[in-house]
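Letter by letter, the chains look like this.
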Amino acid sequence: MIQRFLVAGLIDRATITTIPVLIGTGRRFFGHLPTDVTVTLAQPWVYDFGVAQATYLAARAA
């Protein structure tokens, strides 16, 4: 579902929280998208217990 919202341009902000645990090979976070989605890092944050959180803003199509 998130892929459809991204492709349709319906997401303007996403906050991603990363817990540093290696669980195998890398995978695309949102699966395959037909085009790239341009984002800007708006607010990075690293907590004392090792969790990283980043808020991204999606660029709007003109």
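Residues numbered from 1 in each chain as written. Predicted model: local features only at pLDDT ≥ 70, side-chain atom pairs only at ≥ 80, totals over all residues. Heavy atoms only, no water.

### A few points about the overall build of the protein chain
And then number 1: Of the regular secondary structure elements, the protein chain holds 1 helix and 3 strands.
And then number 2: Its helices and strands taken in sequence order, the protein chain reads α-β-β-β from the N to the C terminus.
And then number 3: A compact globule built from 62 residues would reach a C-alpha radius of gyration of about 11 Å, whereas the protein chain, at 13 Å, exceeds it by more than 25%.
And then number 4: The C-alpha extent of the protein chain, read off along each of the three principal axes, is 40 × 25 × 15 Å.
And then number 5: In the protein chain, which comprises 62 residues, the proportion classed as buried is 11%.
And then number 6: Long-range contacts, defined as pairs at least 24 residues apart, comprise 56% of the intrachain contacts of the protein chain with a sequence gap of at least 6.
And then number 7: As displayed, the protein chain offers around 5600 Å² of accessible surface, 59% of which is attributable to carbon and sulfur atoms. (Helix = DSSP H or I, 4+ residues; strand = E, 2+ residues; numbered from the N terminus. Rg over C-alpha atoms; globule rule 2.2 N^0.38 Å. Buried < 20%, exposed > 50% of the residue type's maximum accessible area, 1.4 Å probe, protein only. Contact = heavy atoms within 4.5 Å. Areas by Shrake-Rupley, 256 points an atom, 1.4 Å probe, with all protein chains shown as cover.)

### Details of the environment of Ile16
And then number 1: Residue position: Ile16 is located in strand 1 (residues 13-18).
And then number 2: Along the primary structure Ile16 and Phe29 are separated by 13 residues, whereas in three dimensions their C-alpha atoms are 10 Å apart.

### Considering the environment of Gly31
And then number 1: On the secondary structure map, Gly31 appears in the loop between strand 1 and strand 2 (39-46).
And then number 2: With a relative accessible area of 26%, Gly31 lands in the partly exposed category.
And then number 3: Sequence separation of Gly31 and Arg4 is 27 residues, and the distance between their C-alpha atoms is 11 Å.

### Concerning the packing of aromatic side chains
When we look at a pair of aromatic rings, we describe it by the centre distance and by the angle of the planes.
And then number 1: All chains considered together, the criterion is met by 2 aromatic pairs.
And then number 2: Taken together, Trp45, Tyr47 and Phe49 form an aromatic cluster joined through their ring pairs. (Phe/Tyr/Trp six-rings, centres within 6.5 Å; stacked < 30°, edge-to-face > 60°.)

### What about the sheet that holds strand 1?
And then number 1: Strand order in this open sheet of 3 strands is 1-3-2, and the pairing throughout is antiparallel. Strand pairing shows two members of the sheet lacking a second neighbour, strand 1 and strand 2, which therefore form its edges. Looking at each pair of strands side by side, their axes are set apart by 20° on average, direction ignored.
And then number 2: Inspection of the sheet shows strand 2 paired to strand 3 (residues 52-58) by 7 bridges, in the antiparallel sense. Within the sheet, the bridge partner assigned to Trp45 lies in strand 3 and is Gln53. (Pairing = 2+ DSSP bridges. Axes fitted to C-alpha atoms, helices over the stretch in contact; angles between N-to-C directions.)

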